[in-house]
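Examination of the molecular architecture
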Amino acid sequence: MRSSFGRILGRVAGIVGGLLALGVVLKLIMAILEPVLPAPLMGEIQAGWDMFFQLIAPAMPAIIAVGILCAIGWIILGARR
């Protein structure tokens, strides 16, 4: 039971870490392209980001709650060892 929970927790942490790294890379690309691209095109890209964040925003409390539950489970299983 412990090893399967640990693998699942590791995969969830890997996915969250990967998404975080992807977000950082995308923000860096935006910072690099901002002085190069024309203002109208940059406005369109920013509008796309805003729409993406509006789609993600309703799910954030549930994602954070799952993260908290995983952390609590990790602490409890770690205390049993």
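Residues numbered from 1 in each chain as written. Predicted model: local features only at pLDDT ≥ 70, side-chain atom pairs only at ≥ 80, totals over all residues. Heavy atoms only, no water.

1. Points about the confidence of the model for the protein
As a reminder, the rule being used: pLDDT is defined as a per-residue confidence score from the predictor, taking values between 0 and 100. For the purposes of this entry, the term helix denotes a DSSP run of H or I that reaches at least four residues, the term strand denotes a run of E that reaches at least two, and both are numbered from the N terminus.
Summary statistics for the protein give a mean pLDDT of 83 and a share of 93% for residues scoring 70 or more. For the protein, helix 1 (residues 2-33) is the element with the lowest average pLDDT, namely 81, and helix 2 (residues 39-56) is the one with the highest, namely 88.

2. Looking at the packing of aromatic side chains
Note the following rule: Side-chain rings of Phe, Tyr and Trp (the six-membered ring for Trp) are treated as a pair once their centres are within 6.5 Å; stacked means planes under 30 degrees apart, edge-to-face means over 60, and tilted covers the remaining angles. Three labels apply to residues, based on accessible area from a 1.4 Å probe with only protein chains included: buried if under 20% of the type maximum, exposed if over 50%, partly exposed otherwise in between. Sitting over a ring, as applied to charges here, requires NZ of Lys or CZ of Arg to be within 6 Å of the ring centre and within 35 degrees of the ring normal.
The full count for this structure, using the stated rule, is three aromatic pairs. With a centroid separation of 6.2 Å and 80° between ring planes, the pair formed by Trp-49 and Phe-52 is classed as edge-to-face. In this pair, Trp-49 and Phe-52 both sit in helix 2, three residues apart, roughly one turn of the helix. Trp-49 sits in the buried class, given a relative accessible area of 14%. These aromatic residues form a ring-pair network of at least three members: Trp-49, Phe-52 and Phe-53. One Lys or Arg, Lys-27, reaches over the ring of Trp-49 and ends 5.1 Å from the middle of that ring.

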